[in-house]
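Residue-level structural notes
Here is what each chain is made of, one letter per residue.
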Amino acid sequence: MLILHCPNCGQDVDETDLHAGGEAHLKRFGPGSTDDEFEDYLFRRANPKGVHFERWHHTYGCGKWFLAARCTATLEVFGTYSAQTPEPPQDIKDAIKSRRPDWTWESQS
Ligand SMILES: [Zn+2]
């Protein structure tokens, strides 16, 4: 079972108390964007086998959103952090890099 630490209320939470919100750190496009940019924003999502950044909602708890970095292949969790963060904190990037030396944040965006 996937267990994530909610950074809002400080609890370690089973995935049954959470609701997945999809990919994190999406670049938003609106009026003035091209059709391709808007289509990418609305419909195209990364589905990696490996490091992934996700939005999670603590539905049966504090009711707030947070972000998580984890490996989709092994379920290893690298860390969780505030949903108001534009990119992962350095300590989470360092944790990923220590376990996946070939990984870079730039390859994610
Ligand atoms: Zn919470």
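Below: a short report on this structure. A quick note: this is a predicted structure, and the numbers were derived from the prediction, not measured. (Residues numbered from 1 in each chain as written. Predicted model: local features only at pLDDT ≥ 70, side-chain atom pairs only at ≥ 80, totals over all residues.)

1. Focus: the overall build of the chain
Helix and strand counts for the chain come out as 2 helices and 6 strands. Taken from the N to the C terminus, the helices and strands of the chain come in the order β-β-β-α-β-β-β-α. Its C-alpha atoms give the chain a radius of gyration of 15 Å, near enough to 13 Å, the size a compact globule of 109 residues would have. Seen along its three principal axes, the alpha-carbon backbone of the chain occupies a region of about 40 × 35 × 20 Å. A burial count over the chain gives 17% of its 109 residues as buried. Long-range pairs, those at least 24 residues apart, make up 47% of the contacts in the chain between residues at least 6 apart in sequence. (Helix = DSSP H or I, 4+ residues; strand = E, 2+ residues; numbered from the N terminus. Rg over C-alpha atoms; globule rule 2.2 N^0.38 Å. Buried ≥ 20, exposed ≤ 12 C-beta atoms within 10 Å, placed from the backbone. Contact = placed C-beta atoms within 7 Å.)

2. Re the environment of Lys93
Mapping Lys93 onto the fold places it in helix α2 (residues 90-99). A sequence separation of 15 residues divides Lys93 from Phe78, and the C-alpha atoms of the two residues are 8.4 Å apart.

3. A few points about the pairing of strand β6 (residues 77-82)
One ladder, built from 5 bridges, connects strand β5 (residues 65-71) with β6; its direction is antiparallel. From the neighbouring strand, Ala68 faces β6, where its bridge partner is Thr80. The loop that links β5 with its antiparallel partner β6 comprises 5 residues; one of these, Leu75, has a positive phi angle of about 65°. (Pairing = 2+ DSSP bridges.)

4. What about unusual backbone geometry?
Of note in this structure, His25 is not a glycine but carries a positive phi near 60°. By the element assignment, His25 lies in the loop between β3 (19-23) and α1 (35-43). Of note, Leu75 is a non-glycine position whose phi angle comes to about 65°, a positive value. Topologically, Leu75 is positioned in the loop between β5 and β6.

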